[in-house]
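Descriptive structure summary
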Amino acid sequence: MDNFQQRLDDLSEIRGMMENASRFISLSGLSGVSAGLVALIGAWVTYVYVKGEGIYTQLKVSRLVEVNQQQLLILILIATIIFLFAAGFASFFTVRRARRLGKKVWSPVSQKVLVHMLVPLVAGGLFCIIQAYHGYGRLVSSTTLMFYGFALINASKFTYKEIRNLGYSLLVLGIIGAWTLMHGIVLWAIGFGIFHILYGIIMYLKYERIT
């Protein structure tokens, strides 16, 4: 009986090692928290800008929003800065955790995560630019939520299941925003800001307090 139990324990340990080898477990919950905080700041900056330029008034009264080339470039610049800051903080905390775990950040598994995320993100970013160019600015915030949700779901097979749950949450929020066409910046802040912070805290408490 003891030998049988020992074999079961050995098999369980081997299975756990194989699962860890096939998953990117260095992802830090603090990455989600920092990304959420950056998103909230970015949402506030965007709101101030679109309100000052009169774009927010157009968003409330019309399905089509006229955005000139300069305004479009500034909005793209704001989005790029938000992304770079969020990615920078995420990279910092992830690298720090990887070092604590004694693992390599740039591995075949992390490369798969990156590729599976980049395809939906690049496609979604280009689609958002096209939407804004043709005057469908009210759909941009919802589109970013949906494509980012797709990216997380797509990459979740190589990392924690909480990432998949976050992806589905953002996808649903994006669909709601696209259907209602109201309060796009608010929904964007909830999805990229509050949801990120909540899931980041959950991941940190579940996986990192003991590591």
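Structure shown above.
Moving on: the environment of G191. If you trace the backbone, G191 turns up in helix α8 (residues 184–208). Note: C-alpha distance between G191 and T144 (47 residues apart in sequence) is 10.0 Å. Non-local contacts of G191, meaning those with residues more than four positions away in its chain, are made with L145, L170, L173 and H196.

What follows concerns the packing of aromatic side chains. Taken as a whole, this structure holds 5 aromatic pairs when the rule is applied. Seen in terms of ring centroids, F92 and F93 are 5.1 Å apart; in terms of plane orientation they differ by 75 degrees. Their pairing is edge-to-face. By relative accessible area, F93 is classed as buried at 17%. An angle of 85 degrees between the planes, with centres 6.1 Å apart, marks the rings of F147 and F150 as edge-to-face.

As a further point, take helix α5 (residues 108–133). In this model α5 runs 38 Å from its N-terminal to its C-terminal C-alpha over 26 residues, within 8% of the 38 Å that 1.5 Å per residue would give. Its maximal kink placed at L118, α5 deviates by approximately 25 degrees, while the proline P120 follows within four residues. Phi turns positive, to about 95 degrees, at G135, one or two residues after α5.

Attention shifts here to the nonpolar core. Judged by nonpolar contacts, the single largest core of 31 residues is most densely connected at M117, Y148, L152, L170, W188 and F192. Looking at which element gives the most residues to this core, the answer is α8, with 8 residues. Dropping the residues within four chain positions of it, W188 is found in contact with A39, A43, I82, S141, T144, L145 and G193.

Attention now moves to the side chain of Q131. Relative to the assigned elements, Q131 resides in helix α5. Owing to a relative accessible area of 8%, Q131 belongs among the buried residues under this scheme. Among the polar contacts made by the side chain of Q131, one reaches the side chain of T143 at a distance of 3.0 Å. When sequence neighbours within four positions are dropped, the list of residues in contact with Q131 reads Y136, G137, L139, V140 and T143.

Calculation notes
- Residues numbered from 1 in each chain as written.
- Predicted model: local features only at pLDDT ≥ 70, side-chain atom pairs only at ≥ 80, totals over all residues.
- Heavy atoms only, no water.
- Helix = DSSP H or I, 4+ residues; strand = E, 2+ residues; numbered from the N terminus.
- Contact = heavy atoms within 4.5 Å.
- Phe/Tyr/Trp six-rings, centres within 6.5 Å; stacked < 30°, edge-to-face > 60°.
- Buried < 20%, exposed > 50% of the residue type's maximum accessible area, 1.4 Å probe, protein only.
- Expected span 1.5 Å × (residues − 1).
- Bend = angle between axes of the 7 residues up to and from the residue.
- Core = buried A, V, L, I, M, F, W, Y, C linked by side-chain atoms within 4.5 Å.
- Polar contact = N/O pair within 3.5 Å; in protein donor to acceptor, adjacent residues only side chain to side chain.

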